[in-house]
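The primary structure of each chain is shown beneath.
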Amino acid sequence: MIKIGGLLFGPFLGLFIGAMTDLLTVALTAGVFHYGYLIAAMAYGLISGFISDIFRSTKDKIWWKAVLGTLILIACNIIMVLFFMLQTNSFQNNFSVSLFGNKLDVNVKILLIVLVTFICLGILIIWIVYFLNFNKQHHKHNSIITETKATKKNDLYSSIIIVLVVSVVCNSIINMLILPSFDAQLSSIRYEEWVVLRSIVFIPEVIFNCCVIIPIYNIVVPIINYNYHDDLLEDIKYPLYVE
C-alpha cells in the first residue's frame, strides 16, 4: 500500500501515506509503536515516490528507463556487497538462525552471491523488456498494431521496470540493512540473525511485490493521468437535447 501510494502520488504524499499507515496500524491493532518502523514506513513512500518521479521525467523514452533501472540496481548490489564486507567480523561463513522453530545453517557468502545474482537477473529482465519493446516499435509500421495499443504496451513495460526497481531498492536498503537494527531492539534475536533472516525472504518479497503492484499500477496510472478536463469541455459543446 505504501509503495503504491509513493509510486502514484510522489515522494511527499508517499511520505505522508507511510506515516499515516504506520500510526493507524499501531492504533487500530493495539500494536507497539517504535520510531524505527515509522521511519521505515515513511522511507518506503519517500523512496517509491522519488524513484517514480525520476522515471516519469524520462517520459516515453524507454531506453532511458532501462539505463536508470540498471544504474540503480547496480548501486544496490554495490551497497549490499560493501555492507557485508564491512560486517565480516559479525557475519561468519556459516551462520545459524532459527526459522519457524527450526535451526537453519546459512552460508553468508553463498547467500550474498544468490542475492547479487538475483539483482543481476533483474537487470537482465530490464534489458529483455527494453529489446522486446524496441523490436515492436521498429516493426510497428509493418504490422497492424495501432498507436493506442503500442502506447499501452509502452506503459506496461515502463510499469514493470519502475515497480521492479522500487521493490529491489526498498527490500534491500530498508528491509535488509535498516530494519534489522530496530527488530533486534524489540526481540531477543540478534541483529546479525535478523539481517540473515530478512536476506532469506528478500527474493520472495520482491517477486510478491512485483506480482501485486504491477497490475494495480498499470490499471490506476492511466485513470489518474487521464485528461478529464478536455472530455468535459468536449461534452459541453454538444447539446443535451436534439430535435
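With that settled, the discussion passes to the overall build of the protein chain. Along its length, the protein chain carries 9 helices and 2 strands. Along the chain direction, N to C, the helices and strands of the protein chain fall in the order α-α-α-α-β-β-α-α-α-α-α. The buried share of the protein chain, taken over its 243 residues, is 41%. Carbon and sulfur atoms make up 69% of the accessible area of the protein chain, which totals about 14,500 Å².

Another aspect to go through is the nonpolar core. Val165, Val168, Phe202 and Tyr217 are the most contacted members of the largest nonpolar core, which totals 54 residues. Examining the composition of this core, we find that 16 residues originate from one element, helix α6 (residues 147–185), more than from any other. Setting aside anything within four residues of it in sequence, one finds valine 168 in contact with Leu73, Cys76, Ile119, Phe202 and Val206.

Throughout the structure, instances matching the rule amount to 3 salt bridges. Two residues, aspartate 183 and arginine 198, come together in a salt bridge whose shortest N-O distance is 2.7 Å. With aspartate 183 in helix α6 and arginine 198 in helix α7 (residues 191–200), the pair connects residues that are 15 residues apart, well separated along the chain. Taken as a pair, aspartate 183 and arginine 198 share a single burial class, namely buried. Of the charged contacts, one joins glutamate 193 and arginine 190 as a salt bridge, the two residues approaching to 3.4 Å between their closest N and O atoms. For glutamate 193, a relative accessible area of 14% corresponds to the buried category.

Because each turn of an α-helix spans 3.6 residues, side chains separated by three or four positions in sequence point in the same direction. For helix α3 (residues 35–56), spanning 22 residues, the distance from its first C-alpha to its last is 31 Å, which sits close to the expected 32 Å at 1.5 Å a residue. Among the residues making up α3, those that are buried are Gly36, Leu38, Ala40, Ala41, Ala43, Tyr44, Gly45, Ser48, Gly49, Ile51, Ser52 and Phe55.

Turning our attention to the packing of helix α1 (residues 2–9) against α3. Between α1 and α3, whose axes approach to 7 Å, the crossing angle comes to 35°. Note on packing geometry: the crossing formed by α1 with α3 is right-handed. Judged by residue contacts, Ile2, Lys3, Gly6, Leu7 and Leu8 of α1 engage Ala41, Tyr44, Gly45, Ser48, Gly49, Ser52 and Arg56 from α3. Taken together, the residues that form the contact of α1 with α3 break down as 5 nonpolar, 5 polar and 2 charged.

As a further point, take the confidence of the model for the protein chain. Per-residue confidence for the protein chain gives a mean pLDDT of 79; residues scoring 70 or more make up 77%. Long-range and interchain partners of residues 138–142, a stretch whose pLDDT sits below 50, account for 2 contacts in this model, where long-range means more than four residues apart.

The next point concerns the side chain of threonine 70. As for its position among the elements, threonine 70 is in helix α4 (residues 62–86). Reaching out from threonine 70, the side chain makes a polar contact with the side chain of tryptophan 127 at a distance of 2.7 Å.

Right, let's get into the packing of aromatic side chains. For the structure on display, the rule yields 5 aromatic pairs. Centroid distance tyrosine 35 to phenylalanine 182: 5.6 Å. Interplanar angle 75°. Geometry classified as edge-to-face. Linking tyrosine 35 in helix α3 with phenylalanine 182 in helix α6, this pair joins segments that are 147 residues apart in sequence. With a relative accessible area of 45%, tyrosine 35 lands in the partly exposed category. Ring plane angle 40° and centroid distance 6.1 Å describe the contact between tryptophan 127 and phenylalanine 131, whose orientation is recorded as tilted. Here phenylalanine 131 and tryptophan 127 lie together in helix α5 (residues 108–138), a separation of 4 residues that amounts to about one turn. With a relative accessible area of 23%, tryptophan 127 lands in the partly exposed category.

What counts, and at which threshold
- Residues numbered from 1 in each chain as written.
- Predicted model: local features only at pLDDT ≥ 70, side-chain atom pairs only at ≥ 80, totals over all residues.
- Heavy atoms only, no water.
- Helix = DSSP H or I, 4+ residues; strand = E, 2+ residues; numbered from the N terminus.
- Buried < 20%, exposed > 50% of the residue type's maximum accessible area, 1.4 Å probe, protein only.
- Areas by Shrake-Rupley, 256 points an atom, 1.4 Å probe, with all protein chains shown as cover.
- Core = buried A, V, L, I, M, F, W, Y, C linked by side-chain atoms within 4.5 Å.
- Contact = heavy atoms within 4.5 Å.
- Salt bridge = Lys/Arg side-chain N within 4 Å of Asp/Glu carboxyl O.
- Expected span 1.5 Å × (residues − 1).
- Axes fitted to C-alpha atoms, helices over the stretch in contact; angles between N-to-C directions.
- Left-handed = near helix turned anticlockwise from the far one by under 90°.
- Nonpolar A, V, L, I, M, F, W, Y, C, P; charged D, E, K, R; others polar.
- pLDDT = per-residue confidence, 0-100.
- Polar contact = N/O pair within 3.5 Å; in protein donor to acceptor, adjacent residues only side chain to side chain.
- Phe/Tyr/Trp six-rings, centres within 6.5 Å; stacked < 30°, edge-to-face > 60°.

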